[in-house]
Amino acid sequence: MTVFRPYLFEIGEKIRIEAGPRQGDWLVVDLGEQKVTLECPISHKKFAWERFSYLSPQVEDRVWPAEH
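Attention here is on the structure that accompanies the text. Not measured: the values here are computed from a predicted model.

What counts, and at which threshold
- Residues numbered from 1 in each chain as written.
- Predicted model: local features only at pLDDT ≥ 70, side-chain atom pairs only at ≥ 80, totals over all residues.
- Heavy atoms only, no water.
- Core = buried A, V, L, I, M, F, W, Y, C linked by side-chain atoms within 4.5 Å.
- Buried < 20%, exposed > 50% of the residue type's maximum accessible area, 1.4 Å probe, protein only.
- Helix = DSSP H or I, 4+ residues; strand = E, 2+ residues; numbered from the N terminus.
- Contact = heavy atoms within 4.5 Å.
- Salt bridge = Lys/Arg side-chain N within 4 Å of Asp/Glu carboxyl O.
- Phe/Tyr/Trp six-rings, centres within 6.5 Å; stacked < 30°, edge-to-face > 60°.

**Structural notes on the nonpolar core**
Inside soluble globular proteins, nonpolar side chains tend to come together where they are buried.
Phase 1: Phe9, Ile15, Ile17, Trp26, Val28, Val36, Leu38, Cys40, Trp49 and Phe52 form the largest nonpolar core, which has 10 residues in total.
Phase 2: Among the secondary structure elements, those contributing two or more residues to this core are strand E1 (14-17), strand E2 (24-31) and strand E3 (35-39).
Phase 3: With near-sequence residues (within four places) excluded, Phe52 lies in contact with Tyr7, Phe9, Ile17, Arg22, Val36 and Leu38.

In structure tokens form, the structure reads like this:
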């Protein structure tokens, strides 16, 4: 069984979503009760999405933002 829990985002956190429509590098810029606001570090566009859950290990050895 795989168990998913809400991820506890922190403002200022650098994240990478590796699949799906939100794929890419993001900076967490705001948190609300229901939404998390992420900013693209390249275009600086911001998007507020319903909070979501992911299962993934943390990694320390990757370049952020990714070079395209």
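**Details of the pattern of salt bridges**
Phase 1: Scanning the entire structure with this criterion turns up two salt bridges.
Phase 2: Between Arg16 and Asp25 there is a salt bridge, with its nearest N and O atoms 2.6 Å apart.

**A look at the environment of Phe4**
Phase 1: Following the sequence through the fold, Phe4 ends up in the segment before E1.
Phase 2: Look at Phe4 and you get exposed, because its relative accessible area is 53%.
Phase 3: Between the C-alpha atoms of Phe4 and Phe52, which are 48 residues apart in sequence, the distance is 9.6 Å.

**Points about the packing of aromatic side chains**
Phase 1: Within this structure, the stated rule accounts for five aromatic pairs.
Phase 2: Residues Trp26 and Trp49 carry aromatic rings whose centres are separated by 5.3 Å and whose planes lie at 85° to one another, so their mutual orientation is edge-to-face. On the criterion of sequence distance, the pair formed by Trp26 in strand E2 and Trp49 in strand E4 (residues 46-50) is long-range, its members being 23 residues apart.
Phase 3: When the centroid spacing of 5.4 Å and the interplanar angle of 5° are considered together, the rings of Phe47 and Trp49 count as stacked.
Phase 4: On the basis of relative accessible area, Phe47 is assigned to the partly exposed category, the value being 34%.
Phase 5: Among the aromatic residues, ring-to-ring pairing joins Tyr7, Phe9 and Phe52 into one connected group.

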